[in-house]
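Listed below, chain by chain, are the residues.
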Amino acid sequence: SRVLAAAALTAVIGLPAAARECDAPGPAPVVPDGTTATADQMKTARDGVQKYVNVLQDYQDCLEANIKSAPKGTKGEDLQRLRDKGNAAIDQAQALGKDYAAQLAAFKARQPK
């Protein structure tokens, strides 16, 4: 049924059958509150954020590859929909990075000098 869903999606957005299926990332990792988090929680969050940002970048790269490989007759709005998804992934990565940086600053602020 996954093959049928992928084929239907490809037909709907007008991309060639050779286009890669781009799996949307799952939910973002939760960034702990830096004012109460332990060092281990912050390290785990850092690792999770880095991994998730890489997944978002891979997703955006896949969408961009599909845009570049789209046949000449592909509708502009279909290409824009893919661009919008890719841009949203990059925006999400940046927001997650900023959130982690803010919580890390809060964590470091409560450490003894």
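Preceding this section is the structure that the text describes.
Note that the coordinates shown come from a computational prediction; the quantities given were computed from them, not determined experimentally. (Residues numbered from 1 in each chain as written. Predicted model: local features only at pLDDT ≥ 70, side-chain atom pairs only at ≥ 80, totals over all residues. Heavy atoms only, no water.)

Q: Mind laying out the state of the cysteines, listing which residues take part and the relevant values?
A: Covalently bonding the sulfur atom of one cysteine to the sulfur atom of another cysteine gives a disulfide. Scanning all chains against the criterion turns up 1 disulfide. With its sulfur 2.0 Å from that of its partner, cysteine 22 forms a disulfide with cysteine 62. Negative torsions about the S-S bond denote left-handed disulfides, and the value of about -85 degrees found for cysteine 22 with cysteine 62 makes this one left-handed. Here cysteine 22, found in the loop between helix H1 (2-13) and helix H2 (39-68), pairs with cysteine 62, found in helix H2; they are 40 residues apart in sequence, far enough to count as distant. A single burial state applies to cysteine 22 and to cysteine 62, both of which are buried. (Disulfide = S-S within 2.5 Å. Helix = DSSP H or I, 4+ residues; strand = E, 2+ residues; numbered from the N terminus. Buried < 20%, exposed > 50% of the residue type's maximum accessible area, 1.4 Å probe, protein only.)

Q: How would you explain the packing of H2 against helix H3 (residues 76-109) if you had to name every residue and give the values?
A: Where H2 contacts H3, the two axes come as close as 9 Å, and the packing angle between them is 165 degrees. In terms of their interaxial angle, H2 and H3 are classed as roughly antiparallel. By crossing handedness, the relation of H2 to H3 is classed as left-handed. Each residue belonging to the contact of H2 with H3 can be placed in one class, and the counts come to 19 nonpolar, 6 polar and 3 charged. (Axes fitted to C-alpha atoms, helices over the stretch in contact; angles between N-to-C directions. Parallel < 35°, antiparallel > 145°, perpendicular 65-115°, else oblique. Left-handed = near helix turned anticlockwise from the far one by under 90°. Nonpolar A, V, L, I, M, F, W, Y, C, P; charged D, E, K, R; others polar.)

Q: How would you summarise the pattern of salt bridges if you had to cite specific residues and measurements?
A: Taken as a whole and assessed by the stated rule, the structure comprises 3 salt bridges. Taking the shortest distance from any N to any O, the salt bridge between arginine 46 and aspartate 47 comes out at 3.2 Å. Given a relative accessible area of 32%, aspartate 47 falls into the partly exposed group. Several salt bridges converge on common partners, so that one network encompasses Lys43, Arg46 and Asp47. (Salt bridge = Lys/Arg side-chain N within 4 Å of Asp/Glu carboxyl O.)

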